[in-house]
Structures are given as C-alpha cells and as structure tokens.
Amino acid sequence: MGGVDFESLSEATSGAIGSLLSTTILYPLDTCKTKYQAEARAHGQRRYRHLSDVLWEAMSNGQFLSLYQGLGTKNLQSFISQFVYFYGYSYFKRLYLEKSGSKKIGTKANLLLAAAAGACTAIATQPLDTAASRMQTSAFGKSKGLWDTLTEGDWSNAFDGLGISLLLTSNPAIQYTVFDQLKLKLLKGNEASLSAFTAFLLGALSKSIATCLTYPAIRCKVVIQAADTDENGNDDDDKNKKAKRKASKTLSGVVFAVWRKEGITGFFKGLQAQILKTVLSSALLLMIKEKIAATTWVVLLAIRRSLLAQNGRLKSA
C-alpha cells in the first residue's frame, strides 16, 4: 500500500463522482445538444432549426425517455475519463513539483501537464465516447446496446474522432488551468476550500473560455461520430449509403461538408447549446468535487489504515 499515491487517488475519485452526478443530471440536454450538432445539411433541409426542436420531437412522439438513450455508456465513459484525467493531472503536477523543486506550477507547465493527462484520457476512453455519441444521435427509441454499437463496424470505427479528441485535450487543459489559477488567486495560499457558489462560478467561467476557443473542433467531432441516419432521421442500414457516409467521415471530409453546406457559421452551429450544457456540467462537476474532496480523502485514509492494520495482524499471526 506504500506505493499508492493517495493524494492523486483522492483527486481522481472525487472528480469521477462529480462527473457521474453532473452527467446524469444534464443528460437530456446533452442528447438534444448532440443530435442538434450532428446535423450537417444545407439550410432549408435542416431537420432541427433550434435546439428545442429535438426536445419537441421526443415529446410529440412519446419518446421522452429516449432522451436518456446511451446514459449508461456515457456515465461509464464519463466516470473513467474523469478518474483517469484527475489522477493523471494530479500525479503529473506532483511529479513536476518534485523534479523541478518549484513550489508552484506556471501557466505554461500547467497547460502541458493538463494536455498530457487529457491525451491519456482520450486514448483510454475513445471507444466509449464514440459509442455514446452514436447512441445519442440514433433515431429516438432505436438506439442499440453498447456491444452492438461498438461492433457494428470494424474496431477502427470505435476510434472515430480520436485525432480530434487528442486535439481537444487543449479544452480541459485550458479549463482546469484557468480554474486552478483563479482558485489560487482567491484562496491566496490559505488551506480553506472554495465555497460551492464560488466553485460553480469559476467552473462556469473557465469552461466558457475553453469551449469558445475549441468549438469548431467539437462540432466536427460530433459529426464524425454521429450515427448514420437517412433523410427522415431513421437509422440507415443500407450498406452502400453507409459506405458513402463513412468515406466522408474524415476530418477533411467533415470540414468540407460543413463549409459547403453551412458556410463559416456552420462551424459554430450549436455553440450556445454547447456552452449551456458544458458550463453547467463542468461547474457542477467542480462544485461537487470541491465539496466531496475532503470526505474522499478521509475515507481513503481510513481504508489505508484498515488495510495496514490487517496486514500487520497477518504478519504477526
């Protein structure tokens, strides 16, 4: 047990629990946002002109519960990704301080460390991320299970959008760097934690900045990962049509399609919805994390003492 980094483990656990709760609370909004972003058609042929149209479609068809399709996969992906991210981010920061001998981390170093943690997270959870997006963008009531979604193509399909995901490591890197720097300025070296309201505001501000800077890549990623649907929004099972759609689901293909059909503004379609969802989600995550971090630390220390005591009894027996 001596080799376990309990500080990083505490950060990872509290971050993952916060992510799980915030994802569940905001999931219907996330589904509406994702289906709205995934549509890349010429103006006039668009199925959803407003975010509310997605919600209205589900309500009018008696498919409100379908707004939760893929929730299990999303929660699994969210929990694992946040655990890996917070563990990696905390571990890399501690390692950097030990190796450099510095007492605090500068902005540039913080960005690099956060990006490294984000890259590890993206690679580890990309199949779950892709599956969740396909489930959310499937026709209401027709989403497949996790295994069927992952295996409907070859395994390389499960990593659709990995390149953009790696690029988007800059998003949480910017977010958590801004959050940490603002937190340090507010606390001014004191040990007291942020209040829930302050953590919420800082989380909202830091995520807004990160989202605006990286949104064109976010939109392209959603289009690449979206389920294949026909003109009526139903799942498309025709192999020839799927082959054509797959050929266009490269980064260059998506960029060209969005530019040709929607113009420069198309790269920012759904920005308001993205900010609303991600800001609320990230603010809730960080607020919950700040509030449960101390409790998580105490619980982990209690578990550690219990295991050490048990090992001591076994050795003396």
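Each value, and the rule that gives it
Residues numbered from 1 in each chain as written. Predicted model: local features only at pLDDT ≥ 70, side-chain atom pairs only at ≥ 80, totals over all residues. Heavy atoms only, no water. Helix = DSSP H or I, 4+ residues; strand = E, 2+ residues; numbered from the N terminus. Contact = heavy atoms within 4.5 Å. Areas by Shrake-Rupley, 256 points an atom, 1.4 Å probe, with all protein chains shown as cover. Phe/Tyr/Trp six-rings, centres within 6.5 Å; stacked < 30°, edge-to-face > 60°. Buried < 20%, exposed > 50% of the residue type's maximum accessible area, 1.4 Å probe, protein only. Patch = residues over 30% accessible without salt bridge, like charges linked within 9 Å, V, L, I, M, F, W, Y side chains within 5 Å. Salt bridge = Lys/Arg side-chain N within 4 Å of Asp/Glu carboxyl O. Axes fitted to C-alpha atoms, helices over the stretch in contact; angles between N-to-C directions. Parallel < 35°, antiparallel > 145°, perpendicular 65-115°, else oblique. Left-handed = near helix turned anticlockwise from the far one by under 90°. Nonpolar A, V, L, I, M, F, W, Y, C, P; charged D, E, K, R; others polar. pLDDT = per-residue confidence, 0-100. Core = buried A, V, L, I, M, F, W, Y, C linked by side-chain atoms within 4.5 Å. 1 Å grid on protein atoms, 1.4 Å probe; cavity = no way out; pocket = protein on both sides within 12 Å on 5 of 7 lines; lining within 4 Å. Points joined across faces, edges and corners; volume = space filled by probe spheres on them. Expected span 1.5 Å × (residues − 1). Bend = angle between axes of the 7 residues up to and from the residue.

(A) Expanded view of the overall build of the protein chain. Broken down by element type, the protein chain carries 12 helices and zero strands. Helices and strands appear in the protein chain in the N-to-C order α-α-α-α-α-α-α-α-α-α-α-α. Sequence separation of 24 or more characterises 79% of the internal contacts of the protein chain that already satisfy a separation of 6 or more. About 16000 Å² of surface is accessible on the protein chain, with carbon and sulfur atoms providing 63% of the total.

(B) Examining the packing of aromatic side chains more closely. On inspection of all chains with the given rule, the structure shows seven aromatic pairs. Measuring from centroid to centroid gives 5.6 Å for Tyr85 and Tyr89, while their planes differ by 20°, and the two rings are stacked. Separated by four residues within a single helix, Tyr85 and Tyr89 lie in helix H4 (residues 71-100), roughly one turn from each other. Neither residue differs from the other here; Tyr85 and Tyr89 are each classed as buried.

(C) Up close: a nonpolar patch on the surface. Taken together, the side chains of Leu55, Trp56, Met59, Phe64, Leu65 and Tyr68 define a hydrophobic patch exposed on the protein surface, amounting to about 670 Å² of accessible area. Tracing the backbone shows Leu65 in the loop between helix H3 (51-60) and H4. Judged by its relative accessible area of 69%, Leu65 falls in the exposed class.

(D) Local environment of the packing of helix H2 (residues 27-38) against H3. For the pair H2 and H3, interaxial distance at closest approach is 8 Å and the crossing angle is 115°. When the axis of H2 is compared with that of H3, the two are roughly perpendicular. Crossing handedness for the pair H2 and H3: right-handed. Facing Leu29, Cys32, Lys33, Lys35 and Tyr36 of H2, the residues of H3 in contact are Leu51, Val54, Leu55 and Glu57. Among the residues forming the contact of H2 with H3, the class breakdown is six nonpolar, no polar and three charged.

(E) Representation of the confidence of the model for the protein chain within the structure. Summarising the model, the protein chain shows a mean pLDDT of 80, and 87% of its residues fall at 70 or more. Confidence, read as mean pLDDT per element, is least for helix H10 (residues 239-248) in the protein chain (52) and greatest for H2 (91).

(F) Quick peek at the nonpolar core. Ranked by internal contacts, the top residues of the largest apolar core, which has 15 residues, are Tyr85, Tyr89, Tyr176 and Leu194. The leading source of residues in this core is helix H8 (residues 170-187), at four residues. Leaving out residues up to four positions away in the same chain, Tyr176 has contacts with Gln82, Tyr85, Phe86, Tyr89, Leu285 and Leu286. Ranked by size, the runner-up nonpolar core spans 12 residues in total, among them Ala217, Cys220, Val223 and Val254.

(G) Representation of empty space enclosed by the protein in the model. Using the criterion set out here, one finds one cavity of 30 Å³ or more in the structure. A volume near 940 Å³ is recorded for the largest cavity. Among the secondary structure elements, those contributing two or more residues to the lining of the largest cavity are helix H1 (6-25), H2, H4, helix H5 (107-137), H8, helix H9 (196-225) and helix H12 (271-316). The element contributing the most residues to the lining of the largest cavity is H5, with eight residues. Among the residues making up the lining of the largest cavity, the classes are represented as eight nonpolar, 24 polar and seven charged.

(H) Spotlight on H9. The end-to-end C-alpha distance of H9 is 35 Å, clearly below the 44 Å that 30 residues give at a rise of 1.5 Å each. At Thr214, H9 shows its largest bend, some 65°, and a proline, Pro216, comes one to four positions later.

(I) H5, seen in detail. Taking 1.5 Å of rise per residue, 31 residues should cover 45 Å, yet H5 covers just 37 Å from first to last C-alpha, more than 12% shy of that figure. The sharpest bend along H5 reaches about 65° and sits at Thr125, with the proline Pro127 one to four residues further on.

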